[in-house]
Amino acid sequence: MDKKQIKKDIIEAMHFRHATKKFDPNQEISEEDFRFILETGYISPSSFGIEPWRFLVIQSPELREKIKNTSWGAKGKVMDASHFIIFLARTEKDTKYDAEYLLDHYKNIHHFPDEALQGLLPMIENFQKEDFDLLVDDRRMIDWSSKQTYIALANMMTAAAHIGIDSCPIEGFSMKEMNELLREEGLLEDESFSISVMAAFGYRVQDAPEKSRRLFDDIVKFV
Ligand SMILES: Cc1cc2nc3c(=O)[nH]c(=O)nc-3n(C[C@H](O)[C@H](O)[C@H](O)COP(=O)(O)O)c2cc1C
């Protein structure tokens, strides 16, 4: 393992990545490459390992058109990008400490024995009630799930950049309007999900602008 080379490659990929404003409508990401990008999101970490997300890969041109007309941030990108993902966050219905989804997840996915569950669930209850004070309203719980989806999003954008694929994260939309659209399309599964964030993937048509960032020492503080 050449650590120096790996670090160089990572930094190069990080600089290559930029919020791509215009995608080449004629260049498609191969199925294998897109599967690789999805895999990095799929195995991403989440708080208590609950995977409170769903990644909707929007292939229907009709639905892309509706997204274009609903989201100002997606407008110039959603029709041309090779792939377009909507990240959904699970709602309180599925993520509250006593939710059926949670129980099923630990029993049938993690195969936790009953004794382990009896230890873990009160911990999650205390975390949600006291530590993070999440049970005040549904929005706080959605935002908690939503935070986890951004980890998957970041991993996917970084992975894409490593193999020369461009991306743009998209928060430019009204949550209410996007949720209405997704509800009409039957994609919120009886309010188990709410929109979190979106992302376009594909290939740039113009050079990336120079990066502008605050000074490193203004951001990083050793204390
Ligand atoms: C969560 C998130 C949401 C964003 N939403 C949009 C968006 O809706 N439309 C857009 O063109 N750029 C969007 N951006 C891109 C940012 O403006 C961009 O990442 C930032 O200006 C830094 O530039 P760079 O990514 O090219 O380095 C978003 C970025 C993040 C992280």
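Summarised in this report is the structure supplied together with it.

So, how was this worked out
Residues numbered from 1 in each chain as written. Predicted model: local features only at pLDDT ≥ 70, side-chain atom pairs only at ≥ 80, totals over all residues. Heavy atoms only, no water. Core = buried A, V, L, I, M, F, W, Y, C linked by side-chain atoms within 4.5 Å. Buried < 20%, exposed > 50% of the residue type's maximum accessible area, 1.4 Å probe, protein only. Helix = DSSP H or I, 4+ residues; strand = E, 2+ residues; numbered from the N terminus. Contact = heavy atoms within 4.5 Å. Arc of directions from axis to C-beta. Pairing = 2+ DSSP bridges. Axes fitted to C-alpha atoms, helices over the stretch in contact; angles between N-to-C directions. Near = heavy atom within 4 Å. Polar contact = N/O pair within 3.5 Å; in protein donor to acceptor, adjacent residues only side chain to side chain. Areas by Shrake-Rupley, 256 points an atom, 1.4 Å probe, with all protein chains shown as cover. Phe/Tyr/Trp six-rings, centres within 6.5 Å; stacked < 30°, edge-to-face > 60°. Lys NZ or Arg CZ within 6 Å of the ring centre and 35° of its normal.

So, the nonpolar core
- If you look at the biggest cluster of nonpolar residues, it comprises 22 residues, and the most contacted ones within it are Ile67, Phe84, Ile86, Met178, Leu182 and Met198.
- Among the secondary structure elements, those contributing two or more residues to this core are helix H3 (61-70), strand E2 (83-90), strand E3 (166-170), helix H8 (175-184) and strand E4 (193-202).
- Here this core gets four residues from one element, more than from any other, and that element is E4.
- Met178 has contacts with Ile67, Thr70, Ser71, Ile86, Phe173, Ile195 and Met198, leaving out every residue within four places of it along the chain.
- The next biggest cluster of nonpolar side chains, apart from the first, holds 17 residues, and it includes Phe55, Ala152, Ala160 and Ala199.

Here's the deal with H3
- Listed as buried for H3 are Leu63, Arg64, Ile67 and Thr70. Relative to the axis of H3, the buried residues are bounded by an arc of 125 degrees and lie together on one face. Exposed residues lying more than 90 degrees from the buried face of H3 are Pro61, Glu62 and Asn69.
- In this structure, the buried side of H3 is in contact with E2, H8 and E4.

A closer look at the sheet that holds E2
- Strands sit in the order E1-E2-E4-E3 across an open sheet of four strands; the sheet is antiparallel. Every interior strand has two partners, whereas the edge strands, strand E1 (53-57) and E3, have only one. Mean inter-strand twist for the sheet, computed between neighbouring axes without regard to direction, equals 25 degrees.
- When E2 meets E4, the two strands line up antiparallel, connected through eight bridges. Paired with Phe87 across the strands is Val197, a residue of E4.
- On top of the sheet, helix H7 (residues 138-162) reaches E1, E2, E3 and E4; it is set at about 150 degrees to E2, its chief contact.

Overview of the site of the ligand
- The environment of the ligand is formed by 14 residues, the closest being Ala19, Lys21, Lys77, Lys211 and Arg213.
- Between an oxygen atom of the ligand and a side-chain N or O atom of Arg213, the distance comes to 2.8 Å.
- Starting from 620 Å² of accessible surface for the ligand in isolation, the protein chains cover 65%.
- The biggest single contributor to the shell around the ligand is E3, with three residues.

Examining the packing of aromatic side chains
- A full pass over the atoms with the stated rule returns seven aromatic pairs.
- Between Trp53 and Phe55, the ring centres sit 5.7 Å apart and the planes meet at 35 degrees, which makes this aromatic pair tilted. Assigned by exposure class, Trp53 and Phe55 land together as buried.
- An aromatic cluster is defined as three or more aromatic residues linked by ring pairs; in this entry it consists of Phe48, Phe127, Phe132 and Trp144.
- The ring of Tyr101 is capped by Arg90, whose NZ or CZ atom sits 3.9 Å from the centre of that ring.
- A cation sits over an aromatic face here: Arg204 above Phe16, 4.1 Å from the ring centre.

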